[in-house]
Amino acid sequence: MLDLGFVRSNLEVVEEKLRARGADPAALLGDFRNLDQRRREAITTAERLKAQRNELSQQVGALKKAGQDATAVMEETRSLKEQLDDLDRAAAELDERMRRVLAGIPNVTRPEVPAGTTEADNPTVKTWGERFRFGFEPRPHWELGEALGILDLERAAKLSGARFAVYMGQGARLERALIGFMLDMHTQKHGYTEVLPPFMVNSKSLFGTGQLPKFAEDLFRCSDADAESAARCEFKENDHWLIPTAEVPVTNLYRDEILDEARLPIRLTAYTPCFRAEAGAYGKDVRGIIRQHQFQKVELVKFTRPEESDAEHERLTRDAEEILEALGLPYRRVLLCTGDTGFSSAKTFDLEVWLPGQGLYREISSCSNFEAFQARRANIRYRIAGQGPKGKIEFVHTLNGSGLAVGRTWLAILENYQQADGTVLIPDALRPYMGGQERIVRES
């Protein structure tokens, strides 16, 4: 969430940034200046009347103490109280309207984020690795998985419907091996602390990271969750939604807390399943396991001082890249343009892995710097060191990225390491996690 004072003082900049994202400033901001002015006037008037009421109350006390008639002053006090009650209700309503406006405004993108409208406008800033050369026509992962008997989409559809997968035998073991490999690399080499969070969260958590209220239709909610209340920014503490990413529970670990500056930066990693309705993805990526309702992911989350968030963003992105490099998977890094940058992000790098079976690059990780946007929504702050228990308090900067999306890494290995005989070589780094197995073969 953006700071109200910032929006008030930089309204033209905010409008320009919204247009750069492809959004309509009028639809999101409404008559912001008028609403802000009415809200401030209501608050100012209420404060003036409260001071006047306090003064009258003192007069009543003085009159009674002197044995004089205080009826007229008491009547004026009662009338003032009625005015204040009406004014407080009006101010609360205006406050709520302003909160809903602020909740609907996306983050302001950084100056270095290029202008653009779609992923076609995202510049490539780095390319790594040589593409695998084949003496045959490489096949897509859905054909390889079916031929090897390790991926069963038909039975998954019988169990749960479209956009689900069943991994069998060596396919299930490969998925598990990737999770262990990624967590070990991030904890043992990169210095993250592993977290195993709940896979269901409440509405307040989803608001904190920016999924609610805007993206409610992309989420799976349990029967105790109320999407209509969420749309009104009425967030409960005892309802439940399935998590779309570990970013949500891990970032909200410190919601409504003040951290000691000495603890920063905090680096956390978590494996979780992820659940997404993919409401806006009808007809996209219908083959294979690129876009699923349920998938596994290893997430990276950081809490940093504002002055360190740029460096930590680069480091987080490198941590994700090193997984791809250790597995020998060719990839490229792209900088998302304004129109492709996520709602909560100020700047995002996407890592895209090369898939020879499909002849294209696919996103496998998004690494974002949210600056104070999520921290302000979730009220995550830190106390500056050396200033005592009443020292200055600031919002942290939050960052996260996939390190990596496990299913997409799984299919990238199948497509890049496929052999002419239909088997799939296992990357050297994964073999210890596969019991020394060197290749995936068709099981009888």
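Before reading on, note that the structure itself is shown above.
Overview of the structure. As the structure is a prediction and not an experimental result, all values here were calculated from the model.

In this fold, Lys302 is placed in strand S9 (residues 294-304). A relative accessible area of 0% means that Lys302 is categorised as buried. A distance of 2.6 Å separates the side chain of Lys302 from the side chain of Glu312, its partner in a polar contact. Excluding residues that lie within four positions of it along the chain, Lys302 makes contacts with Tyr192, Ile266, Arg267, Glu312, Arg315, Leu316, Asp319, His397, Thr398 and Leu399.

Quick look at empty space enclosed by the protein now. Rolled over the atoms, a probe with the dimensions of a water molecule shows which regions are left empty. This model, assessed by the stated rule, comprises one cavity of 30 Å³ or more. Computed from the structure, the largest cavity encloses a volume of approximately 30 Å³. Looking at the largest cavity, the residues that line it are Leu2, Val14, Lys17, Leu18, Arg21, Ile105, Pro106, Asn107 and Val108. For the lining of the largest cavity, the class distribution of residues is six nonpolar, one polar and two charged.

Once that is clear, we can look at the packing of helix H6 (residues 141-148) against helix H14 (residues 406-416). Where H6 meets H14, the axes come as close as 9 Å, and the angle between the chain directions of the two elements is 85 degrees. Accordingly, the angle class assigned to the pair H6 and H14 is roughly perpendicular. Residues His141, Leu144 and Gly145 of H6 lie in contact with H14, whose contacting residues are Leu411, Leu414 and Glu415. A breakdown of the residues in the contact of H6 with H14 according to their chemical character gives three nonpolar, two polar and one charged.

With that settled, the discussion passes to the environment of Pro432. For Pro432, the position within the fold is in the loop between strand S16 (424-425) and strand S17 (439-440). Overall, the relative accessible area of 64% leaves Pro432 in the exposed class. Along the chain, Pro432 and Phe181 lie 251 residues apart, while their C-alpha atoms are 9.1 Å from each other.

It is worth spelling out helix H2 (residues 11-20) at this point. Since the α-helix advances by 3.6 residues per turn, residues separated by three or four positions end up pointing in the same direction. Burial in H2 covers these residues: Leu11, Val14 and Leu18. Axial view of H2: buried residues confined to an arc of 60 degrees, hence all on one face. Set apart from the buried face of H2 by more than 90 degrees, the exposed residues are Glu12, Glu16 and Arg19. Buried residues along H2 sit in contact with helix H1 (4-9), helix H3 (25-29) and helix H4 (32-65). Following H2 by one or two positions, Gly22 adopts a phi angle in the positive range, close to 85 degrees.

How each quantity is defined
- Residues numbered from 1 in each chain as written.
- Predicted model: local features only at pLDDT ≥ 70, side-chain atom pairs only at ≥ 80, totals over all residues.
- Heavy atoms only, no water.
- Helix = DSSP H or I, 4+ residues; strand = E, 2+ residues; numbered from the N terminus.
- Buried < 20%, exposed > 50% of the residue type's maximum accessible area, 1.4 Å probe, protein only.
- Polar contact = N/O pair within 3.5 Å; in protein donor to acceptor, adjacent residues only side chain to side chain.
- Contact = heavy atoms within 4.5 Å.
- 1 Å grid on protein atoms, 1.4 Å probe; cavity = no way out; pocket = protein on both sides within 12 Å on 5 of 7 lines; lining within 4 Å.
- Points joined across faces, edges and corners; volume = space filled by probe spheres on them.
- Nonpolar A, V, L, I, M, F, W, Y, C, P; charged D, E, K, R; others polar.
- Axes fitted to C-alpha atoms, helices over the stretch in contact; angles between N-to-C directions.
- Parallel < 35°, antiparallel > 145°, perpendicular 65-115°, else oblique.
- Arc of directions from axis to C-beta.

These figures come from the coordinates and say nothing about function on their own.
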